[in-house]
Structures are given as structure tokens and as C-alpha cells.
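Examining the three-dimensional arrangement
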Amino acid sequence: GRFCYLLTLFSSGLAYVVAVVCLDRCAQSLATGTRLLVTASFALATVALPYARQVNNHILLLALCSALLLVLKTRTRLQLIAAGTLIGAGYTIDLGLGPVLVLCTTGLVAWRTRRFRSVLLLLAAAFPWFALHHYLNWRLGGTFAPANAQPAYLAWPGSPFGLGNMTGRWAHESLRHFVVYALDLLFGKRGFLGHDLALFLALPGAFVLVRRRVAETPEVWWAIAFFASGWLVYAVTSTNYSGVSASIRWFVPLLAPAYYLLVLLLREAPRYQRDLLVLTIFGSMIGLLMWWKGPWMTHMVPGFWLFQIGALLGWLGLQFSSRKS
């Protein structure tokens, strides 16, 4: 029992702390009250909180993505090496979001620096992680691809997995089934946005930032591309909603780019602080209930739809009062 506790404490627990600290550092340009609100929202009103309770790779990748936010504007060689190391390690953790993270960050560095040497340095720092990951996969499982993407490795007696519900390939019955499933991943009863209510503000916030052409516009597009591509990768290659878990466990690392957008939005338009406060209040209730139940939930969050309605009514009331004043 002590071994399991320490293993959790120094993996998922530590990753949670690293993610929160990095997000707080990312928000240091905000006023103190706003900065504390963003950090508290990230720490208490998202799926990051329950995933700190047990060992899992999703919150580990969240920590790496949150640390990457601090070196996104890669101006020096040391920053490029740090960014390359982070995306390389991220690639080893999840071969769904990992390659997306590598592609998006490589594109950002190429756009920011306009220098082939910078891109080469970034990928050189990441390459040892790529090589080690696939070498270990080959030595342990006889495949360069993930072992759980091989149908033969899931064919044990009584296995609940098969070609119809395993992750890693197209298994949708039709295009309509794919579209419904993709939207359900975000807005359904296990939808990622419904369990992380502040992300409803990040969606319009992204459009506001793009229209204002802020100094971090390339980073804004990086965040949009990473979030959207990560969502689409799993929408295309899965049908099982990530199994028994709190919301969609695959999407936990996507909190980093989403909250990065929120930080920039509140810097450019502080009036949205009250919107975030309303969403955080209701989101923290969901977050604490998920933490109580743990990351491997077999049922919906108690009162899930009531919290959704409460957040919507509170947000609409805020908009009405703002216009009236």
C-alpha cells in the first residue's frame, strides 16, 4: 500500500503540482487577483484534479504540455533544446496526442524563427526520446507501434476489446456516426467541455485573440491546432469514449493549450474575468465530485446536467446584467 501511494505521489501527484505551477507562471503577466483565479480554475475546476489521484499517463503529459507553455517563444538555443526535450518526452507518453504535439510545435518554431537550424535543433533534442520509445516497444512487444493497437495482443479470453472498439483505427459505422461521436466527445454526457466549464470561454476567446492579432498570434494558432487536432485524432481512431474514466481521459493534456488561450484572453480583455469566475464556481463543484469519485468513474458526475444548467443560467444572467449596466 505504501509503495502504491508513493508511486502515485511522485508520478501523478507531482505532475499535477508541476502543471499548476507552470500555468501560474504562464499567467504572471495578469493582475494578482486574475492570476489566482486562472490558477484556481485550472487546479480545482478541471479534470486535472481527479487524475492526480491515481497513476496514469494523461496527467504526466499535461505536466509536460504545461511546462512547454513557458518556452513556447523559442528565442534561444537553450529554449529550443528544452522544447525539443519536452515534446520528445511527450511523444513517448501518448502516441495519440504525442505526434500532434511534435508537429504543432515544430510548425510553431519554423514560423517563429524562419531558420532551418532552429527546427533541426528542436528535433535533435526530441530524437533520443523517439528512438528510445520505439526501441523499447520493439524489445518488449515486437512492434514499433503501440502494443494496445495490435488486435492480437487484445485477444485474450474474456477480453472486452476487439476490432470494433479498440483505439487506433477507423471503426465508425458511417460518416454520420463519426460526426455524432466527435461532437459527443466534447458536448455529450461525458464531454470534455462539460467537465471543464471554463473551456466554454476559451472557445470564443480563441476567435477574439485571432481577430486582435496579439503578439502571441503564432502561439494562439499553436494552441488551436493542438487542441483541434488532438480531438480529431481520437474522434477518428476510437469509438469507446476512452473507456471507464472521468470525462475523456485522452484529452486531459489539452487543458494546457486551452488555459493558455484563457490567460491571453484575460490579459487582452480583463472584463471576461467575471465570466471565468462564474464558470469556475460551477466547474469546481464538478471537479471536486470527480476527485471524490476518482478518475475511473463508472457513472456520470452526480447532478452533472444540473451543474451545466446552473452555469449556463449564471453566465446568461451575467451577460444580461452587464448589458443593462
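Overview of the structure. (Residues numbered from 1 in each chain as written. Predicted model: local features only at pLDDT ≥ 70, side-chain atom pairs only at ≥ 80, totals over all residues. Heavy atoms only, no water.)

A few points about the overall build of the chain
A tally of helices and strands in the chain yields 14 helices and zero strands. Going from N to C terminus, the chain has its helices and strands arranged as α-α-α-α-α-α-α-α-α-α-α-α-α-α. In summary, the chain has a C-alpha radius of gyration of 20 Å against a globular reference of 20 Å for 325 residues, a match within 12%. In terms of its C-alpha atoms, the chain occupies a principal-axis envelope of roughly 65 × 50 × 50 Å. Taken across its 325 residues, the chain has 51% of its residues classed as buried. When the accessible surface of the chain is split by element, carbon and sulfur atoms take 68% of a total near 16,100 Å². (Helix = DSSP H or I, 4+ residues; strand = E, 2+ residues; numbered from the N terminus. Rg over C-alpha atoms; globule rule 2.2 N^0.38 Å. Buried < 20%, exposed > 50% of the residue type's maximum accessible area, 1.4 Å probe, protein only. Areas by Shrake-Rupley, 256 points an atom, 1.4 Å probe, with all protein chains shown as cover.)

Structural notes on a nonpolar patch on the surface
Side chains of Tyr5, Leu6, Leu9, Phe10, Leu14 and Val18 sit close together on the surface and give an oily, nonpolar patch of about 580 Å² of accessible area. Position of Tyr5 among the secondary structure elements: in helix H1 (residues 2–26). (Patch = residues over 30% accessible without salt bridge, like charges linked within 9 Å, V, L, I, M, F, W, Y side chains within 5 Å. Salt bridge = Lys/Arg side-chain N within 4 Å of Asp/Glu carboxyl O.)

So, the packing of aromatic side chains
Summed over all chains, the structure comprises 13 aromatic pairs. Taken together, a centroid distance of 5.2 Å and an interplanar angle of 80 degrees make the contact between Phe42 and Tyr259 edge-to-face. Of this pair, Phe42 sits in helix H2 (residues 32–44) while Tyr259 is found in helix H12 (residues 255–268), placing the two residues 217 residues apart along the sequence. Both residues of the pair, Phe42 and Tyr259, belong to the buried class. Measuring from ring centre to ring centre gives 5.7 Å for Phe192 and Phe251, while their planes differ by 85 degrees; the resulting arrangement is edge-to-face. Taken together, the positions of Phe192 in helix H9 (residues 192–195) and Phe251 in the loop between helix H11 (217–237) and H12 put the pair 59 residues apart, joining distant regions of the chain. (Phe/Tyr/Trp six-rings, centres within 6.5 Å; stacked < 30°, edge-to-face > 60°.)

What to know about the nonpolar core
Leu62, Leu68, Phe192, Trp222, Phe251, Leu255 and Tyr259 are the most contacted members of the largest nonpolar core, which has 98 residues in total. Setting aside anything within four residues of it in sequence, one finds Tyr259 in contact with Leu23, Val38, Ser41, Phe42, Thr46, Ala198 and Leu199. (Core = buried A, V, L, I, M, F, W, Y, C linked by side-chain atoms within 4.5 Å. Contact = heavy atoms within 4.5 Å.)

A short note on helix H5 (residues 77–93)
End to end, H5 covers 25 Å across 17 residues, agreeing with the expected 24 Å (1.5 Å per residue, within 8%). For H5, the complete set of buried residues consists of Leu80, Ala83, Gly84, Leu86, Ile87, Gly88, Ala89, Gly90 and Tyr91. Where H5 is buried, its residues touch helix H4 (57–68), helix H6 (97–113) and helix H7 (116–141). (Expected span 1.5 Å × (residues − 1).)

Description of unusual backbone geometry
Despite not being glycine, Ser242 has its phi angle at roughly 70 degrees, a positive value. With respect to the helices and strands, the residue Ser242 is situated in the loop between H11 and H12. Look at Ser247: it is not a glycine, yet its phi comes out positive at around 55 degrees. Relative to the helices and strands, Ser247 resides in the loop between H11 and H12.

Points about the layout of surface pockets
Roughly 690 Å³ of volume is contained in the largest pocket. As for the largest pocket, its lining consists of 31 residues, and the residues nearest its centre are Asp94, Pro146, Asn148, Thr167 and Tyr234. Of all the elements in the fold, those that place two or more residues in the lining of the largest pocket are H4, H5, H6, H7 and H11. Ranked by the residues each element gives to the lining of the largest pocket, the list is headed by H11, at three residues. Residues belonging to the lining of the largest pocket are distributed by class as follows: 15 nonpolar, 14 polar and two charged. (1 Å grid on protein atoms, 1.4 Å probe; cavity = no way out; pocket = protein on both sides within 12 Å on 5 of 7 lines; lining within 4 Å. Points joined across faces, edges and corners; volume = space filled by probe spheres on them. Nonpolar A, V, L, I, M, F, W, Y, C, P; charged D, E, K, R; others polar.)

Concerning the pattern of salt bridges
For side chains bearing opposite charge, pairing can occur when the charged atoms are close. One pass over the full model with this rule turns up five salt bridges. Linking Lys73 and Glu216 is a salt bridge whose minimum nitrogen-to-oxygen distance equals 3.5 Å. Of the two residues, Lys73 is situated in the loop between H4 and H5 and Glu216 in the loop between helix H10 (199–212) and H11; the sequence distance between them amounts to 143 residues. You can call Lys73 partly exposed: its relative accessible area is 26%. Glu216 gets classed as buried once you look at its relative accessible area, which sits at 8%. Of the charged contacts, one joins Arg267 and Glu216 as a salt bridge, the two residues approaching to 2.7 Å between their closest N and O atoms. Residue Arg267 is found in helix H12, and its partner Glu216 is found in the loop between H10 and H11; the two are separated by 51 residues along the sequence. Here the residues in one salt-bridge network are Lys73, Glu216, Arg267 and Glu268, joined through shared partners.

Re the side chain of His133
Along the chain, His133 turns up in helix H7. The contacts of His133, once residues within four sequence positions are left out, are Tyr91, Thr92 and Leu95.

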